[in-house]
Structures are given as C-alpha cells and as structure tokens.
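# Commentary on secondary and tertiary structure
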Amino acid sequence: MNDEYPEERSRQRPSLFVLFVQFLFDTVFASIGRNLRIIGREFDLFFGTALTIVGTLGFESDKYCDGNTADYLSCTRPSTYYYFDSLDVALVVIGVFFILFWFIKRK
C-alpha cells in the first residue's frame, strides 16, 4: 500500500444543476458584452439620456412664508415650491443636445 499516491477517483459527469449555472453565467456575460458594445456604439444617446434623467430628477423644494421673515415655526401660512437649480437645467439642456446629435447622426 502506497500512501503517497491516493487512489484516483473516477470522473463523474457534471450534474444538471452545474451545467445550468454555467449556461446562465455564459448567457449573462455574453449579454453584458453585447449591451456594452451597443452603449459604446451609441454613446451620444445613452450619455444624453443619462444627463437628461439626472437633471430632471434633480429638483429641489423650498418654503415660502407670507411676508414673515422669522423661522419656520412662526410662519403663518407656509407654502412649498419646487425649482430646478442652474446645474440641473444645464444637465437637461446638454442631455437633450446629445440626444439630438444622435438623431442627426442616424440620418
């Protein structure tokens, strides 16, 4: 009996679960690669859309007091208003320009 070389195990075929997991990983990574190539090819569209969405969702709110300049607790009838600051407006404008560039390039 030689203890240096243990007996070789017979190779078994991979189970159905292992094959399914390998198929899922291959499919997911191939899909990610295809999507990244599309994003690289149509960069203007994706970049413009991202800027437009970030700019549109960047609205802020503030309160308006009816003439009383004291703090919020002494305000008699506060009303809330929503606005976009200049960075958000610039992001939307630049994003729309990139989307328009994409449309023009496609013609």
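Residues numbered from 1 in each chain as written. Predicted model: local features only at pLDDT ≥ 70, side-chain atom pairs only at ≥ 80, totals over all residues. Heavy atoms only, no water.

Moving on, we come to a nonpolar patch on the surface. Residues Phe59, Tyr82, Phe84, Val89, Val93, Val96, Phe97, Leu100, Phe101 and Phe103 make up a contiguous nonpolar surface patch of roughly 980 Å² in combined accessible area. For the nonpolar patch, the leading source of residues is helix H3 (residues 86–106), giving 7 residues. With respect to the helices and strands, the residue Tyr82 is situated in strand S2 (residues 79–83). Taking the relative accessible area as the measure of exposure, Tyr82 reaches 58% and is therefore exposed. (Patch = residues over 30% accessible without salt bridge, like charges linked within 9 Å, V, L, I, M, F, W, Y side chains within 5 Å. Areas by Shrake-Rupley, 256 points an atom, 1.4 Å probe, with all protein chains shown as cover. Salt bridge = Lys/Arg side-chain N within 4 Å of Asp/Glu carboxyl O. Helix = DSSP H or I, 4+ residues; strand = E, 2+ residues; numbered from the N terminus. Buried < 20%, exposed > 50% of the residue type's maximum accessible area, 1.4 Å probe, protein only.)

In total, this model carries 9 aromatic pairs according to the counting rule given. Both rings, one in Tyr81 and one in Tyr83, keep their centres 6.0 Å apart while their planes meet at 35°; by these two values the pair is tilted. Of the residues examined, Tyr81 reaches a relative accessible area of 36% and is grouped as partly exposed. Judged by centre distance (6.1 Å) and plane angle (80°), the rings of Phe98 and Phe101 are edge-to-face. Note that Phe98 and Phe101 are positioned in helix H3 at a spacing of 3 residues, about one turn of the helix. Judged by its relative accessible area of 21%, Phe98 falls in the partly exposed class. Taking the relative accessible area as the measure of exposure, Phe101 reaches 43% and is therefore partly exposed. Taken together, the ring pairs in this structure connect Phe43, Phe47, Phe97, Phe98 and Phe101 into an aromatic cluster. (Phe/Tyr/Trp six-rings, centres within 6.5 Å; stacked < 30°, edge-to-face > 60°.)

Our next topic: the pattern of salt bridges. Scanning the model with the defined rule gives 3 salt bridges in all. In this structure, Arg41 and Glu42 form a salt bridge, with 3.6 Å as the shortest nitrogen-oxygen distance. By relative accessible area, Arg41 is classed as exposed at 57%. Its salt-bridge partner being Asp44, residue Lys105 comes within 2.8 Å of it at the nearest N-O pair. Placement of the pair is Lys105 in helix H3 and Asp44 in helix H2 (residues 43–56), with a sequence separation of 61 residues.

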